[in-house]
Amino acid sequence: MAPVQTTKMSNFRWVICALLFLATTVNYMDRQVLSLTWKDFIAVDFHWTDANYGKITAYFSIFYAIANLFAGKFIDWMGTKKGYLIAIFVWSLGACLHAGCGWAAMNIEGYASIEALRMVKAGSDAAVAIATVSMYLFLSCRMVLALGEAGNFPAAIKVTAEYFPKKDRAFATSIFNSGASVGALAAPATIPLLARVWGWEMAFIVIGVLGFVWMGLWMWLYERPHTSKYVNQAELNYIEQDSDIAKVQDRTVEKTEATIPFWKCFTFRQTWSFIVGKFMTDGVWWFFLFWAPAYFSDQYGYTSDSAMGIMLIFTLYLIVTVLSIGGGYLPTYFVDKRGMNPYLGRMRAMFIFACFPLLGLFAQPLGAHSAWWAAILIGLLGAGHQAWSANLYSTIGDMFPKSTIGTITGIGTMAGGLASFAINYSSGEFFDWAAAQGKAYTFFGFEGKPAAYMVVFCICAVAYLIGWFIMKALVPKYKPVTVE
């Protein structure tokens with residue numbers, strides 16, 4: 001096929017970026033349905049405690065972590081088009097399956113209706129049995145969800161490396177990664193209302209179906225840049241400016257790269273730097289994603305379907321969304337205006353973003369005066385995380401060949417899932433214990449469960465700076481991995 005010659009560059013790469021944004025938005029909305037319905041809807045039906053919910057989120061995280069270990073390699077092997085389609089099909093199916101957990105629990109426990117489950121005396125053996133059975137049913141569905149969702153970021157990061165030069169990858173990543181914030185932003189405005197009007201089951205189904213709609217768009221629009229009819233030669237040259245084939249005029253010729261064997265990836269400091277960055281920080285994001293609605297309900301009495309509860313969560317993620325996108329541009333400024341190499345500019349930006357979470361230290365003290373303070377400060381912490389995350393993902397493209405990007409992304413995301421397991425499991429147990437202790441447990445002037453929240457907030461606040469210094473020690477200078 002002869003190349004298309006034109007003086008004006010096409011911009012189809014941004015259409016692809018928009019598709020990645022939509023997929024990530026759907027990904028996080030699917031993940032948020034449970035966190036926005038469990039406290040005020042599902043827990044009422046099934047007699048759940050914080051520990052029950054903590055176990056579900058923790059084991060979701062551990063299964064997500066294990067799935068990520070293989071998802072990246074699967075995406076590298078299958079390719080981004082087919083691999084992404086399979087991933088979103090599996091997670092959308094898993095999301096919809098949650099709607100059947102009530103029916104299954106009702107039949108397993110021998111009750112005529114979900115209303116009958118709800119009427120069982122709290123704290124009785126029957127209530128404990130209902131909570132346990134329903135917990136494992138939801139956990140089974142979360143495992144299917146996790147298996148599919150594990151493919152999202154390895155595929156998205158690989159597509160970004162295919163369609164953007166190194167200097168633009170952090171900005172492109174920040175745009176599609178903001179889908180996590182937009183999903184979390186749209187979720188509280190829609191999911192509790194769906195649950196209130198049509199039941200929590202319908203909330204899972206409606207949000208889950210969005211993934212199947214996305215699959216149609218992906219099948220229609222996505223091809224690799226060299227074969228896409230929407231990418232002209234000028235745009236292809238721009239995309240490949242870091243490569244020695246940037247000026248190639250034969251679009252049938254595409255440079256192939258050797259793949260790094262899976263286990264050999266662990267011999268590079270660059271891999272461990274990414275692992276540390278994900279392990280130290282992903283758990284923070286997932287903690288607030290899973291627990292923020294319960295936090296505002298526990299501490300301030302604003303349920304997830306109340307007007308105030310919706311506004312607090314909406315404001316939190318609005319701050320995250322608006323500020324985090326700009327964070328992806330900062331490395332481009334350092335590269336274009338300050339003459340830094342992409343890795344140095346990225347690490348400089350990441351240090352700045354690692355300071356944002358320190359504001360989380362003040363969320364509980366100032367939140368004692370108003371819930372708005374807590375929402376704003378947690379929002380700033382989350383914005384720092386998303387800007388950090390966009391740049392962290394982009395370090396993979398700086399250091400590794402495109403053929404291995406999915407694998408490295410999966411390995412690092414696995415580490416983030418392990419951290420999420422640790423913080424969510426321990427938080428659920430910790431919150432129940434602290435609530436039982438009441439005034440006997442204090443921390444920084446807080447008592448009982450508020451004291452426990454303060455402890456977790458402190459851990460979250462310092463995690464990023466610790467992670468940054470370890471990463472810098474592992475890879476102090478730009479040193480790409482070469483495949484011989």
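In this text, all values refer to a predicted model and were calculated from it rather than measured experimentally. (Residues numbered from 1 in each chain as written. Predicted model: local features only at pLDDT ≥ 70, side-chain atom pairs only at ≥ 80, totals over all residues. Heavy atoms only, no water.)

Student: So what exactly am I meant to see when it comes to the environment of Asn-391 here?
Tutor: Looking at the secondary structure, you find Asn-391 in helix α16 (residues 371-399). Accessibility expressed as a relative area gives 0% for Asn-391, which makes it buried. Between the C-alpha atom of Asn-391 and that of Glu-201, which follows or precedes it by 190 residues, the distance is 37 Å. (Helix = DSSP H or I, 4+ residues; strand = E, 2+ residues; numbered from the N terminus. Buried < 20%, exposed > 50% of the residue type's maximum accessible area, 1.4 Å probe, protein only.)

Student: It is not clear to me how the confidence of the model for the chain should be interpreted in this structure. Could you clarify?
Tutor: Low-pLDDT stretches of the model should not have their predicted coordinates read in fine detail. Confidence in the prediction for the chain averages 87 pLDDT; 94% of positions are at 70 or higher. Of all secondary-structure elements in the chain, the lowest mean pLDDT belongs to helix α13 (residues 330-336), at 73, while helix α18 (residues 449-474) reaches the highest, 96. Note on residues 1-6: pLDDT under 50 across the span, and 9 contacts to partners over four residues away in sequence or across chains. Contacts for the low-pLDDT stretch residues 245-249, under 50 throughout, to residues beyond four places or in other chains number 13 contacts. (pLDDT = per-residue confidence, 0-100. Contact = heavy atoms within 4.5 Å.)

Student: Would you explain the pattern of salt bridges in this entry?
Tutor: Any two side chains of opposite charge can pair, so long as their charged atoms come close to each other. As enumerated under the stated definition, the model contains 12 salt bridges in all. Asp-50 is paired through a salt bridge with Lys-39; the nearest N and O atoms lie 3.2 Å apart. Of this pair, Asp-50 sits in helix α2 (residues 50-78) while Lys-39 is found in helix α1 (residues 12-46), placing the two residues 11 residues apart along the sequence. Taking relative accessible area as the criterion, Asp-50 reaches 4% and is therefore assigned buried. Look at Lys-39 and you get partly exposed, because its relative accessible area is 23%. One network of salt bridges, with partners in common, ties together Lys-39, Asp-50, Asp-298 and Lys-449. (Salt bridge = Lys/Arg side-chain N within 4 Å of Asp/Glu carboxyl O.)

Student: What is the right way to look at the nonpolar core in this model?
Tutor: Considering soluble globular proteins, one finds that nonpolar side chains tend to be buried as a cluster. Ranked by internal contacts, the top residues of the largest apolar core, which has 152 residues, are Trp-48, Phe-138 and Phe-287. With 17 residues, α1 is the single largest residue contributor to this core. Beyond its immediate chain neighbours, meaning those up to four positions away, Phe-287 contacts Ala-292, Ile-423, Asn-424, Ser-427, Phe-431, Tyr-453, Val-456, Phe-457 and Cys-460. (Core = buried A, V, L, I, M, F, W, Y, C linked by side-chain atoms within 4.5 Å.)

Student: How should I be thinking about helix α17 (residues 405-437) in this particular structure?
Tutor: Three or four residues apart is the spacing at which side chains of an α-helix point the same way, because the helix has 3.6 residues per turn. Compared with the 48 Å implied by 1.5 Å per residue over 33 residues, the 47 Å span of α17 between its first and last C-alpha is a close match. Immediately beyond the C-terminal end of α17, within one or two residues, lies Gly-438, with a positive phi of roughly 60 degrees. (Expected span 1.5 Å × (residues − 1).)

Student: I tried to follow the packing of α2 against helix α3 (residues 80-97) on my own but got confused; where do I start?
Tutor: Two quantities define a packed helix pair, namely the angle between the axes and the distance from one axis to the other. As a packed pair, α2 and α3 sit with axes 7 Å apart at the nearest point and diverge in direction by 135 degrees. The orientation of α2 relative to α3 falls into the category oblique. At the point where α2 passes α3, the crossing takes the right-handed sense. Side by side, α2 and α3 meet where Phe-74, Ile-75 and Met-78 of the first sit next to Thr-80, Lys-82, Gly-83, Tyr-84 and Ile-86 of the second. Taken together, the residues of the contact of α2 with α3 sort by class into 5 nonpolar, 2 polar and 1 charged. (Axes fitted to C-alpha atoms, helices over the stretch in contact; angles between N-to-C directions. Parallel < 35°, antiparallel > 145°, perpendicular 65-115°, else oblique. Left-handed = near helix turned anticlockwise from the far one by under 90°. Nonpolar A, V, L, I, M, F, W, Y, C, P; charged D, E, K, R; others polar.)

Student: Looking at this structure, I do not really get the packing of helix α4 (residues 101-109) against helix α6 (residues 125-149). What am I missing?
Tutor: The N-to-C vectors of α4 and α6 enclose an angle of 140 degrees; their axes lie 9 Å apart at closest approach. By the criterion of interaxial angle, the relationship of α4 to α6 is oblique. You can see that α4 and α6 cross each other, and the crossing is right-handed. Between α4 and α6, the contacting residues are Cys-101, Ala-104, Ala-105, Ile-108 and Glu-109 on the first element and Ala-129, Ile-130, Val-133, Ser-134, Leu-137, Phe-138 and Cys-141 on the second.

Student: What is the right way to read the environment of Gln-32 from this model?
Tutor: Examined against the element boundaries, Gln-32 turns out to sit in helix α1. Judged by relative accessible area, Gln-32 falls into the buried class, the value being 0%. Measuring from C-alpha to C-alpha, the distance between Gln-32 and Gly-417 comes to 16 Å, with 385 residues separating the pair along the chain.

Student: Looking at this structure, I do not really get unusual backbone geometry. What am I missing?
Tutor: Among all residues except glycine, the phi angle is most often negative; among peptide bonds, the trans geometry is most common. The phi dihedral of His-47 falls on the positive side, at around 60 degrees, and the residue is not glycine. Here His-47 lies in the loop between α1 and α2. Positive phi outside glycine occurs at Phe-444, with the angle close to 55 degrees. Its location among the elements puts Phe-444 in the loop between β1 (442-443) and β2 (446-447).

Student: Explain the side chain of Asp-76 here, please?
Tutor: Position of Asp-76 among the secondary structure elements: in helix α2. Here Lys-158 takes part through its side chain, which lies 2.8 Å from a polar atom of the side chain of Asp-76. Residues within four places of Asp-76 in sequence aside, it is in contact with Lys-158, Lys-402, Ser-403, Thr-404, Ile-405, Gly-406 and Thr-407. (Polar contact = N/O pair within 3.5 Å; in protein donor to acceptor, adjacent residues only side chain to side chain.)

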